[in-house]
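# Tertiary structure, described
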Amino acid sequence: MINKCILGAAGNMLFNEYVSAKGHMVALRIDHWIKYEFLSSQWFALIVTTILIISIWWWLLDKKRLVELLLFGFFVAATSSIMDGVGTEFNAWEYSVKILPTVFPLLMVDLSILPLVLMLLYQYFEEWKHFIMAMVIASAIFSFIVEPIFHYAGIYQIFTWTYYYSFPLYILIAAFYKWLMQVIIDRQMRERSLQ
């Protein structure tokens, strides 16, 4: 129980209502997942797509740059997961089918498709000009093909969001982390040269 001195009586009562409502919401989410999502055709499609993307990624991955690529992918996955959590929390969108009932809004996209595809683009398009062009194409595919397919398949429901909002975000996320990786690598090279 939260300290009553911090919130006061009214704040404590509201907090308790929130915790109760959240517990009810989690129970509904698990019940829906068991009855309507788990083992559905959409659920199997998510599993197969995830396995396929991971397999292709591993086959194409430059294993000599594994740490660098995984760090880039971690940054993308963390950002994607946070943004997905915020978006679903504020009802901008929701996922009606998930691989797991209570972990991440869409585990498959946040931790596999998006970071793995962006890692491959980061690997293959080292020059900024080519990377940005590749990201514009990838962003268009994610925003105007993948998201609508997920919507049409009943996996992704949009409420206050549009595909047009997603388009620049994919590009900005990838460009920011490419820049950050260059800063990190340059710093590491300077440190090594000083030793």
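Refer to the structure presented above.
Overview of the structure. (Residues numbered from 1 in each chain as written. Predicted model: local features only at pLDDT ≥ 70, side-chain atom pairs only at ≥ 80, totals over all residues. Heavy atoms only, no water.)

### Observations concerning the overall build of the protein chain
- Along the protein chain, the regular secondary structure elements total 6 helices and 2 strands.
- Starting at the N terminus and walking to the C terminus, you meet the elements of the protein chain as α-α-α-β-α-α-β-α.
- Burial analysis of the protein chain (195 residues in total) assigns 34% to the buried set.
- For the protein chain, contacts bridging at least 24 residues in sequence account for 72% of all contacts bridging at least 6.
- Within the protein chain, the 14 negative side-chain charges are centred at a point lying 5 Å from the centre of the 13 positive side-chain charges. (Helix = DSSP H or I, 4+ residues; strand = E, 2+ residues; numbered from the N terminus. Buried < 20%, exposed > 50% of the residue type's maximum accessible area, 1.4 Å probe, protein only. Contact = heavy atoms within 4.5 Å. Lys, Arg positive; Asp, Glu negative; His and termini not counted. Charge placed at Lys NZ, Arg CZ, Asp CG, Glu CD.)

### Things to note about the environment of Thr88
- Following the sequence through the fold, Thr88 ends up in helix 3 (residues 66-89).
- For the pair formed by Thr88 and Val26, sequence separation is 62 residues and the distance between their alpha carbons is 14 Å.
- For Thr88, the side chain forms a polar contact with the main-chain oxygen of Gly85, separated by 3.1 Å. (Polar contact = N/O pair within 3.5 Å; in protein donor to acceptor, adjacent residues only side chain to side chain.)

### A word on unusual backbone geometry
- Look at Leu39: it is not a glycine, yet its phi comes out positive at around 70°.
- You can see Leu39 is positioned in the loop between helix 1 (4-37) and helix 2 (41-60).
- Judged by relative accessible area, Leu39 falls into the partly exposed class, the value being 49%.

### Brief notes about the packing of helix 3 against helix 6 (residues 163-194)
- Between helix 3 and helix 6, whose axes approach to 10 Å, the crossing angle comes to 140°. The angle between helix 3 and helix 6 places the two elements in the oblique class. Here the hand of the crossing between helix 3 and helix 6 comes out right-handed. Contacts between helix 3 and helix 6 involve Glu68, Leu71, Phe72, Phe75, Val76, Thr79 and Met83 from the first element and Leu169, Ile173, Ala174, Tyr177, Lys178, Leu180, Met181, Ile184 and Ile185 from the second.
- Classifying every residue of the contact of helix 3 with helix 6 gives 13 nonpolar, 1 polar and 2 charged. (Axes fitted to C-alpha atoms, helices over the stretch in contact; angles between N-to-C directions. Parallel < 35°, antiparallel > 145°, perpendicular 65-115°, else oblique. Left-handed = near helix turned anticlockwise from the far one by under 90°. Nonpolar A, V, L, I, M, F, W, Y, C, P; charged D, E, K, R; others polar.)

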